[in-house]
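# Analysis of the macromolecular model
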Amino acid sequence: MGGISVIKTLIEEEAELIVNLEQIIRSLESNKRLGSGSRKMIANLGSRLINIAISSEVISPEVDEIEHQLSMIEAEIKSFDLEEPSTIWDSGSEEAYAFLKAVEEAGRLTKILESRNSSRKDDALLHRAHDLLQRGMAGLEQEFRRLLLQNWEPNMEEETSFQSNDEDNADERSITWIRDSFEEVEQGDISFHESVDCAIDLPQEVILFLKNIANLMYRSNYGHECFHVFVNARKDVLDECLSSLDIEKLSMEDVSRMNWKLLNKKINKWLRAIKPFVEGYLVSEKSLADQIFGEIDSVSSTCFFECSRASLYALINFSDAMVISPRQPEKLISILDMYEALSNVIPQLATLYSDDGLCITKECEDALRRLGDCAWATFVEFRGAVALHSYANNGDGGVNPLTKYVMNYLRVLADSRKTFDELMMELGHESSATVSPRISPQRELEVHVDEESYTTPTQRHFRSIVTMLEWNLNEKSKLYKDESLQHIFLMNNIQYMTQKVKDSDLRTILGDEWIKKHNGMVQHHAMRYQNVTWSSILAFLRDEGINNPAINFASRNLIKERLRGFYLAFDKVYQTQTRWIIPNEGLREDLRLSISSTVHHAYRSFERYFQYIREKHIKYTLEELEGYLSELFEGAQASLHGSLKK
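Residues numbered from 1 in each chain as written. Predicted model: local features only at pLDDT ≥ 70, side-chain atom pairs only at ≥ 80, totals over all residues. Heavy atoms only, no water.

### Here's the deal with the overall build of the protein chain
For the record, the criterion: By definition, any uninterrupted DSSP run of H or I lasting at least four residues is a helix, any uninterrupted run of E lasting at least two residues is a strand, and each is numbered from the N terminus. Relative accessible area decides the class of each residue, using a 1.4 Å probe on protein chains only: under 20% of the type maximum gives buried, over 50% gives exposed, and in between gives partly exposed. Residue contacts are counted whenever heavy atoms from the two residues lie within 4.5 Å of one another.
Counting its secondary structure elements, the protein chain contains 23 helices and two strands. Scored against the burial criterion, the 646 residues of the protein chain give a buried share of 47%. Considering only residue pairs separated by 6 or more positions, the protein chain has 81% of its internal contacts joining residues 24 or more positions apart.

Rendered as structure tokens:
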């Protein structure tokens, strides 16, 4: 095909020579000093030059050469069945590049013919060359699309380890909206660590061929077609990438209609997908665009922007759907996780879209801000629910569902304390708000004095919440008419709170002093329970008024009356308090041992009077009493087997 360029050069030189000779002839003709003979000779020369020019146009060897070249190009293009979906690259790289060269030659000959003075022969050749160029470009466009769609494989290696806690796992991962019910719904695994390597891999030789196609199409004024083929094909590929990460494109209406269990699963999939999609798929997609269009001004960044924005918007739209969905406290953990995940990829997005995609970066930043506002509003909702909720107590004095809800909520939220601190600083909510409109000003002042020792927003806000919980529990304890049960209730709930803090990251947030203080509160309510319950019962076993029972009939009657009073009071406590519950085994055993020790000492001391009364007045032995005491606080009513002996 190199002969065409040589012929072109010779023809151009000949044409230039003719033009120059014509100018010389015109100049000589204007010279008035020339004689008639000279003028006749010059006119003769002019006529001959005109004939030479006409002759070269009609029988130019370039025409024959161009026609020959077009025949060769046509044969090359027709050697491929362009109706088949895969013919060019699959025929081998040598054949593929021969096809590419043929199309390039068709384009070059088209330009040569377009630049010539038109003749009927040239018009026919131009039409033929243009037709071959279009057919060749159509084949390249089809192959361009096919290679972009078919020669890729998602490269994804993922190791995911879910964090869980053996004890009370259902409580910790099951958070139900406090104002609706406390039925536990499986939330799924919130915290996870992942190591991913996601990329779109095309063989390097395929990328090089795609680059050559793109360069040729842009040089041949087919850039618009090349651009749209790339964008549409890679849109489909990135959609497949989202699908490989188990992400569906959901509308805001779809999200708003989901129940929490299903929505939480979608959130966890989103959390697993956003990092590998951005740092894996989008990074490799940007690299692909740069490799194919890197030699064409600004096309690379524009192509990447257009092909990737729809899939990225699918991820952003899901976060926005979360923002406008009903605000429920159980969503806070997930919102914070989403906030952290999006925040982590924004720097990478800013790098990827540094040229044409500034609007995408801005929209991601706006989406992050909306998530932050939603997280704060949800936290306020949660805090208000803790302060104002009036859920009824259980009749057994056990741990209130509100206590379980709040402490397990905070325990999970503690895992996100770094994100929570950053968010609060960003939004300007470093200090805690008013604790509750129903808490006395004096108690609220105490809370804020306590908070002076806490330095981070998480510490201050968590402290205000547990204080609201304590206040609420104190109010709930007053619903019990039995003062003893009030103290059992408070002892159980404060112990549950303290244990949750000791066994989790809440310890680093609330501190050892808080734990020490609340351990003291547990002991205080245990002692108050014993004083309220057993002081009056053991008063029956006092020595006061018993004088010389061996000969004093009144003293013997007093012994019998007091013993009967003790048995009646003991039986009542037993029948009532076996229904009460202390869930924590250690606390339950400690309180039983303390009660047993006190009763043992008093009853043993009173036994010295038993010799002065008949056996029928003695209902229980010391061992029987201790056995009955060991059945207290099991949460199931038991029956007494002893009876006064006849």
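Right, picking up where we left off after that structure.
### Structural notes on the packing of helix α4 (residues 93-115) against helix α7 (residues 204-219)
To be explicit about the condition: Orientation is described by axes fitted as lines to C-alpha atoms, over the contacting stretch for helices, and by angles from 0 to 180 degrees between their N-to-C directions. Oblique is the label for any angle not under 35 degrees, not over 145, and not in the 65 to 115 range, which are roughly parallel, roughly antiparallel and roughly perpendicular in turn. Classification used: nonpolar for Ala, Val, Leu, Ile, Met, Phe, Trp, Tyr, Cys and Pro, charged for Asp, Glu, Lys and Arg, polar for all others including Gly.
α7 packs onto α4 with a crossing angle of 10° between their chain directions and a minimal axis gap of 11 Å. With respect to their mutual orientation, α4 and α7 come out roughly parallel. Within the contact between the two elements, α4 uses A96, Y97, L100, V103, E104 and K111 and α7 uses L208, F209, N212, I213, L216 and R219. Class assignment of the residues belonging to the contact of α4 with α7 gives a composition of eight nonpolar, one polar and three charged.

### Digging into the state of the cysteines
Worth spelling out the cut-off: Put simply, a disulfide is two cysteine sulfurs that come within 2.5 Å.
Overall, the coordinates contain zero disulfides when judged by the stated rule. Take C359: it sits in no disulfide, and the sulfur closest to it among the cysteines is that of C364, at 9.6 Å. By relative accessible area, which is 37% here, C359 ends up partly exposed.

### Some points on the pattern of salt bridges
Opposite charge on two side chains allows them to pair when their charged atoms are near. Threshold: Only one rule defines a salt bridge in this text: a Lys or Arg side-chain nitrogen within 4 Å of an Asp or Glu carboxyl oxygen.
Applying the stated criterion to the full structure yields 31 salt bridges. R257 is the salt-bridge partner of D254, the closest N and O atoms lying 3.1 Å from each other. Here R257 and D254 lie together in helix α9 (residues 252-257), a separation of three residues that amounts to about one turn. Residue classification places R257 among the exposed positions, given a relative accessible area of 63%. K478 is paired through a salt bridge with E475; the nearest N and O atoms lie 3.2 Å apart. A network of salt bridges, in which partner residues are shared, links K101, E104, E105, R108 and R219.

### A few points about helix α11 (residues 299-324)
To keep it simple, the criterion reads: Expected helix span is given by 1.5 Å per residue-to-residue step, counting one fewer step than there are residues. The angle between axes fitted to the seven residues ending at a residue and the seven residues starting there is what we call the bend at that residue.
Taking 1.5 Å as the rise per residue, α11 with 26 residues should run 38 Å; its terminal C-alpha atoms sit 37 Å apart, in good agreement. Along α11, the largest kink reaches about 45° and is centred on R309.

### Considering the environment of R145
Looking at the secondary structure, you find R145 in helix α5 (residues 120-150). The spacing of R145 and V229 is 84 residues in sequence and 5.9 Å in space, taken between C-alpha atoms.

### With respect to the side chain of S220
For clarity, the threshold we go by: Under the rule applied, a polar contact is a pair of N or O atoms within 3.5 Å (in protein, one hydrogen donor and one hydrogen acceptor; residues adjacent in sequence only if both atoms are side-chain atoms).
For S220, the position within the fold is in the loop between α7 and α8 (223-244). What makes S220 buried here is its relative accessible area of 13%. Of the polar contacts made by the side chain of S220, one reaches the backbone oxygen of L216; its length is 2.8 Å.

### Some points on the side chain of D421
With respect to the helices and strands, the residue D421 is situated in helix α15 (residues 417-427). Only 2.6 Å separates the side chain of D421 from the side chain of T458, close enough to count as a polar contact. Not counting residues up to four positions away in its chain, the partners in contact with D421 are T456, P457 and T458.

### A few points about the nonpolar core
Grouped burial of nonpolar side chains is what soluble globular proteins tend to show. Selection criterion: To qualify as a nonpolar core, a set must consist of buried Ala, Val, Leu, Ile, Met, Phe, Trp, Tyr and Cys residues joined through side-chain atoms within 4.5 Å.
Core analysis: the biggest nonpolar cluster contains 174 residues, and F144, W534 and Y603 have the highest contact counts within it. Excluding residues that lie within four positions of it along the chain, Y603 makes contacts with L541, L563, F566, Y567, F610, I618, Y620, T621, L622 and L625.

### Some remarks on α7
Compared with the 22 Å implied by 1.5 Å per residue over 16 residues, the 23 Å span of α7 between its first and last C-alpha is a close match. For α7, every residue scored as buried is listed here: V206, I207, F209, L210, I213, A214, N215, L216 and M217. Buried positions along α7 lie against α4, α5, α8 and α10 (260-293). N221 lies just past α7 and shows a positive phi near 65°.

### What to know about unusual backbone geometry
The phi dihedral of D246 is positive, around 65°, even though this residue is not glycine. Here D246 is to be found in the loop between α8 and α9. With relative accessibility at 44%, the residue D246 sits in the partly exposed group. Positive phi, normally seen in glycine, also occurs at F633, with a value near 65°. Within the fold, F633 resides in the segment after α23 (622-629). According to the relative accessible area criterion, F633 is buried, its value standing at 1%.

### Topic: the packing of helix α20 (residues 512-538) against helix α22 (residues 585-606)
Note the cut-off: Handedness of each helix crossing follows the sense of rotation of the near helix against the far helix: counterclockwise by less than a right angle gives left-handed, clockwise gives right-handed.
Contact geometry of α20 with α22 gives a least axis separation of 11 Å together with a crossing angle of 30°. Judged by the angle between their axes, α20 and α22 are roughly parallel. For α20 against α22, the interelement crossing comes out right-handed. In this structure, α20 uses V522, A526, Y529, Q530, W534 and L538 to contact α22, whose residues at the interface are L587, L591, S594, I595, T598, V599 and A602. Counted by class, the contact of α20 with α22 contains ten nonpolar, three polar and no charged residues.

### A closer look at the packing of aromatic side chains
Selection criterion: Whether two aromatic rings pair depends on their centres lying within 6.5 Å, for rings of Phe, Tyr and Trp, where Trp uses its six-membered ring; planes under 30 degrees apart make the pair stacked, over 60 edge-to-face, and the rest tilted.
The final tally for this structure, using the stated rule, is 28 aromatic pairs. Measuring from ring centre to ring centre gives 5.4 Å for Y480 and F489, while their planes differ by 55°; the resulting arrangement is tilted. The residues Y480 and F489 share a single accessibility class, namely buried. In textbook terms, an aromatic cluster arises when at least three aromatic residues are bridged by ring pairs, as seen for W534, F566, Y567, F570, Y574, Y603, F606, Y609, F610, Y620 and Y628.

### Thoughts on the environment of A569
Within the secondary structure, A569 sits in helix α21 (residues 553-577). Separated by 31 residues in the primary sequence, A569 and L538 have C-alpha atoms spaced 9.3 Å apart.

### Description of the confidence of the model for the protein chain
Quick reminder of the rule: Values of pLDDT, which run from 0 to 100, indicate the predictor's confidence residue by residue.
Mean pLDDT for the protein chain: 80, with 75% of residues reaching 70 or above. Under a pLDDT of 50 for its full length, residues 53-61 has, in the predicted model, six contacts with residues more than four places off or in other chains. Confidence over residues 158-196 falls short of pLDDT 50; this stretch has 103 contacts with residues more than four positions distant or in other chains.

### Here we look at the environment of S594
Mapped onto the secondary structure, S594 falls in helix α22. For the pair formed by S594 and Q530, sequence separation is 64 residues and the distance between their alpha carbons is 8.7 Å. For S594, the side chain forms a polar contact with the side chain of Q530, separated by 2.8 Å.

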